[in-house]
Amino acid sequence: MGYSSFIAIGDSFTEGVGDDLPDGRQRGWADFVALGLALASPEPVSYANLAIRGRKLTPILTEQLGPAIAQRPELVSLNGGGNDIMRPRVTIASVAAQLMDAADRVTASGSTMLLLSGANPSRHLPMGGLLRKRGDELAVAVRALLPRDGVLFVDNWADESLEDIRYWSADRLHLNALGHAKVASNVLTALGVPVPAEWGVDEVETAAAGEPSRRTADYYRRYVLPWIGRRLTGRSSGDGRVAKIAHLTVVDPTSAHPL
């Protein structure tokens, strides 16, 4: 099913962190989905992305949901809760309930809600077992509240192929370009929209699995220690950042960057 307007809200996963373009901008799965919609549509497709890295679910809903609904898009996507489950204390049931309340607000406005879970990075991260446990608990809680009228759920957490190291960036927490393209492929498939062959998703899927990742001293110095520092000082990687595409903008399919 095609949509002529699409707004994405969320955190770094939806902003596109890990899929860095040569000019320093981030692309990501939501950009890919917008491109796929535009390529499949005979009419112009408009897209906005309000996601900001580092945001927990409550700020996402407080800062991004209202402005998204106000633009009256046909499709709104939401991924959130990933930063919540990485904190020392979290109530899984509350996160799941917030996601459903947001979905109800979107569908009540007349838009379709695209609710999606993030990919599972736990295999490659320090203390990954705790993250997997919490992620599994959140996945179970969300699935128990679905299906819902007007809500399309794309369960990337359950996609074990996405755990392969080939889909992850150097920090092992964010997807790389191929990983974002794979998530976009999952979304477009759920929407019934063709996945462009030039993304190479099928080729990567059929190739041999990547080598297991190794965490070196340099990895801890570059990625783990700064993350711990932000937690201890109450800072976020998204402090001072604004939405990369704040208002619905017509997608130009000819401007796509190669993988």
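Summarised in this report is the structure supplied together with it. (Residues numbered from 1 in each chain as written. Predicted model: local features only at pLDDT ≥ 70, side-chain atom pairs only at ≥ 80, totals over all residues. Heavy atoms only, no water.)

Let's talk about helix 5 (residues 128-144)
One full turn of an α-helix is made of 3.6 residues, so residues set three or four places apart face in the same direction. Over its 17 residues, helix 5 runs 24 Å from end to end, which matches the ideal 24 Å to within 8%, given 1.5 Å per residue. If you check which residues of helix 5 are buried, you get G128, L131, R134, G135, L138, A139, A141 and V142. Looking straight down helix 5, one finds that the buried residues subtend no more than 165° of arc, so they occupy a single side. Those residues of helix 5 that are exposed and angled more than 90 degrees off the buried face are G129, V140 and A144. Considering only its buried residues, helix 5 is in contact with helix 4 (92-108), strand 4 (112-117) and strand 5 (151-155). (Helix = DSSP H or I, 4+ residues; strand = E, 2+ residues; numbered from the N terminus. Expected span 1.5 Å × (residues − 1). Buried < 20%, exposed > 50% of the residue type's maximum accessible area, 1.4 Å probe, protein only. Arc of directions from axis to C-beta. Contact = heavy atoms within 4.5 Å.)

Comments concerning the pattern of salt bridges
Using the criterion set out here, one finds 15 salt bridges in the structure. Ionic pairing is found between R143 and D155, a salt bridge with its closest N-O pair at 2.7 Å. Here R143, found in helix 5, pairs with D155, found in strand 5; they are 12 residues apart in sequence, far enough to count as distant. Between K182 and D159 there is a salt bridge; the shortest N-O distance is 3.7 Å. Of the two residues, K182 sits in helix 6 (residues 177-191) while D159 sits in the loop between strand 5 and helix 6, which places them 23 residues apart along the sequence. (Salt bridge = Lys/Arg side-chain N within 4 Å of Asp/Glu carboxyl O.)

A word on the side chain of S185
Here S185 is to be found in helix 6. Exposure remark for S185: the relative accessible area of 9% places this residue in the buried category. Not counting chain neighbours up to four residues away, the residues in contact with S185 comprise V195, W199 and V201.

Quick word on helix 6
If you check helix 6, its first and last C-alpha atoms are 21 Å apart, about what 15 residues at 1.5 Å a residue would give, namely 21 Å. Of all 15 residues in helix 6, 12 are buried; the element is thus mostly enclosed. For helix 6, the elements touching its buried residues are helix 1 (12-15), helix 2 (29-40), strand 3 (75-78), strand 4, strand 5 and helix 7 (201-206). With a side-chain oxygen lying 3.1 Å from the backbone nitrogen of L178, the N-terminal cap of helix 6 falls on N176. G192 sits one or two residues past helix 6 and shows a positive phi near 75°. (Polar contact = N/O pair within 3.5 Å; in protein donor to acceptor, adjacent residues only side chain to side chain.)

A short note on the nonpolar core
Counting 35 residues, the largest nonpolar core has F6, W29, V33, L37, L116, L175 and V187 as its most contacted members. Of all the elements, helix 2 adds the most residues to this core, at 8 residues. The residues touching V33, leaving out its near neighbours within four places in the chain, are F6, A184, V187 and L188. Within the second largest apolar cluster, 32 residues are counted, among which are I7, L50, L138 and Y219. (Core = buried A, V, L, I, M, F, W, Y, C linked by side-chain atoms within 4.5 Å.)

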